[in-house]
Amino acid sequence: AGVANTIGSANSFFGIQAGNRNTEGGNNTFVGAFSGDSNTVGNSITLLGGNTDVTSPDLDHATAIGADVVVSTSNTIVLGRAIDIVKIPGAAEVSGGVRVAAPGRGILLKSPNGATCRELTIDDAGQLVLSVVACP
């Protein structure tokens, strides 16, 4: 694990050939055989599961959880290849749909081209409210 690491620091690589191409990336945690095979200079990456990987060698703050899962953008978390249920305490539960339990929070909807965003919420009378919001 981590055989090519030359400049990178504060890395943790566990599993056969985990992080083998990492040279300069730091603060990474790769757990699982062949995890992080494509990373060379990316920082603060967490890969949990055999064959988890990144699509670009220079992502930052990216996380992939589950065997054979790949993360393709910085500041992103990918959970599993095909998930039926995801539970995030205090935020959301996904089980064939989305449930937002935090009061006053809604679902962000983004147009296919990413230029237009709306937030779907509910008011105190139980009516659906669709508001224009700035796209993140």
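Scroll up to find the structure this text is about.
Given the structure is predicted, the values throughout are model-derived calculations rather than measurements. (Residues numbered from 1 in each chain as written. Predicted model: local features only at pLDDT ≥ 70, side-chain atom pairs only at ≥ 80, totals over all residues. Heavy atoms only, no water.)

Enquirer: Got a minute to help me understand the overall build of the protein in this structure?
Expert: Each helix and strand counted, the protein has zero helices and 13 strands in total. Taken from N to C terminus, the helices and strands of the protein fall in the order β-β-β-β-β-β-β-β-β-β-β-β-β. For the protein, the proportion of its 136 residues judged to be buried stands at 25%. Long-range contacts, defined as pairs at least 24 residues apart, comprise 2% of the intrachain contacts of the protein with a sequence gap of at least 6. By element, 54% of the accessible surface of the protein is carried by carbon and sulfur atoms, the whole surface being about 8,200 Å². (Helix = DSSP H or I, 4+ residues; strand = E, 2+ residues; numbered from the N terminus. Buried < 20%, exposed > 50% of the residue type's maximum accessible area, 1.4 Å probe, protein only. Contact = heavy atoms within 4.5 Å. Areas by Shrake-Rupley, 256 points an atom, 1.4 Å probe, with all protein chains shown as cover.)

Enquirer: Looking at this structure, I do not really get the nonpolar core. What am I missing?
Expert: A general feature of soluble globular proteins is that nonpolar side chains tend to end up buried together. Of all hydrophobic cores here, the largest spans eleven residues; its members are Phe 13, Ala 18, Phe 30, Ile 45, Leu 47, Val 54, Leu 59, Ala 62, Ala 64, Val 69 and Val 71. Once residues within four sequence positions are removed from consideration, Leu 47 is found in contact with Thr 29, Phe 30, Val 31, Ser 35, Gly 36, Thr 52, Asp 53, Val 54, Ala 64 and Val 71. (Core = buried A, V, L, I, M, F, W, Y, C linked by side-chain atoms within 4.5 Å.)

Enquirer: It is not clear to me how the state of the cysteines should be interpreted in this structure. Could you clarify?
Expert: As used here, a disulfide is simply a covalent bond connecting the sulfur atoms of two cysteines. Inspection of the entire model under this criterion finds one disulfide. For Cys 117, the disulfide goes to Cys 135, at an S-S distance of 2.0 Å. Residues Cys 117 and Cys 135 are joined through a disulfide that is right-handed, its torsion about the S-S bond being 115°. Placement of Cys 117 in strand E12 (residues 117-122) and of Cys 135 in the segment after strand E13 (128-133) is noted, with a sequence separation of 18 residues between them. The class for Cys 117 is buried, based on a relative accessible area of 1%. The exposure class of Cys 135 is partly exposed, given its relative accessible area of 27%. (Disulfide = S-S within 2.5 Å.)

Enquirer: Is there a simple way to explain the side chain of Thr 121 in this structure?
Expert: If you trace the backbone, Thr 121 turns up in strand E12. Taking the relative accessible area as the measure of exposure, Thr 121 reaches 16% and is therefore buried.

Enquirer: Explanation requested: a nonpolar patch on the surface in the structure shown.
Expert: On the surface, a nonpolar cluster with roughly 490 Å² of combined accessible area is contributed by Phe 14, Val 31, Leu 48, Ile 65, Ile 77 and Leu 79. Inspection of the secondary structure puts Leu 48 in strand E3 (residues 46-48). When its relative accessible area of 33% is taken as the criterion, Leu 48 is described as partly exposed. (Patch = residues over 30% accessible without salt bridge, like charges linked within 9 Å, V, L, I, M, F, W, Y side chains within 5 Å. Salt bridge = Lys/Arg side-chain N within 4 Å of Asp/Glu carboxyl O.)

Enquirer: It is not clear to me how the pattern of salt bridges should be interpreted in this structure. Could you clarify?
Expert: Once the charged atoms of two side chains with opposite charge are near each other, the side chains can pair. Under the criterion given, the structure shown has one salt bridge. The salt bridge partner of Asp 37 is Arg 21, with a shortest N-O separation of 3.7 Å. In this pair, Asp 37 is assigned in the loop between strand E2 (29-31) and E3 and Arg 21 in the loop between strand E1 (12-14) and E2, connecting sequence segments 16 residues apart. Given the relative accessible area of 25%, Asp 37 is considered partly exposed. For Arg 21, a relative accessible area of 48% gives the class partly exposed.

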